Amino acid sequence: MSNPTEQRADGCSIFFTLIIVIILSCVFLSIHSLLQPNNPEDVSLMTDQGRALKIEAYQKENQDFNSRLELYHSDQNSSLEVIMSKIVSKYNTLGNNKN
């Protein structure tokens, strides 16, 4: 016959081992979270600065293009209504020539 005290000791050792593993896991996770830096890493900071420079360059290029486009249209004195009326009259003359 088996000794009941040995069976209790086996169950207790498993229970205490489980509790120790849980406690050690919690301690590891808390230490790991405390050691994480709050500041971004240098690589991500450099990447963010590079993106900011590219965005600024794009915005400047876009503003230059828009100003050149506005200057061209103001020099040509063109408006959407005038251009559309020219296109319509052109298509009307082409359609009338075929008949």
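Since we're looking at a predicted model, the values are computed, not measured. (Residues numbered from 1 in each chain as written. Predicted model: local features only at pLDDT ≥ 70, side-chain atom pairs only at ≥ 80, totals over all residues. Heavy atoms only, no water.)

Engineer: What's the story with the overall build of the protein chain in this structure? I'm lost.
Structural biologist: Counting secondary structure elements, the protein chain contains three helices and zero strands. Secondary structure elements of the protein chain, listed N to C terminal, follow the sequence α-α-α. Burial status across the protein chain gives 0% buried among its 99 residues. (Helix = DSSP H or I, 4+ residues; strand = E, 2+ residues; numbered from the N terminus. Buried < 20%, exposed > 50% of the residue type's maximum accessible area, 1.4 Å probe, protein only.)

Engineer: Would you mind showing me how to read the confidence of the model for the protein chain here?
Structural biologist: When pLDDT is low, close inspection of the predicted coordinates is not appropriate. Overall, the predicted model of the protein chain reaches an average pLDDT of 82, with 82% of residues at or above 70. Per-element averaging of pLDDT across the protein chain places helix 3 (residues 80–98) at the bottom with 81 and helix 2 (residues 42–76) at the top with 89. (pLDDT = per-residue confidence, 0-100.)

Engineer: Hey, could you run me through the pattern of salt bridges in this one?
Structural biologist: Between side chains of opposite charge, a pair can form when the charged atoms approach closely. Following the criterion strictly, the structure yields one salt bridge and no others. Between D64 and K60 there is a salt bridge, with the nearest N and O atoms lying 3.5 Å from each other. Linking D64 with K60, this pair stays in helix 2, spanning four residues, or about one helical turn. Take D64: its relative accessible area is 34%, and that puts it in the partly exposed class. Residue K60 is classed as exposed on the basis of its relative accessible area of 52%. (Salt bridge = Lys/Arg side-chain N within 4 Å of Asp/Glu carboxyl O.)

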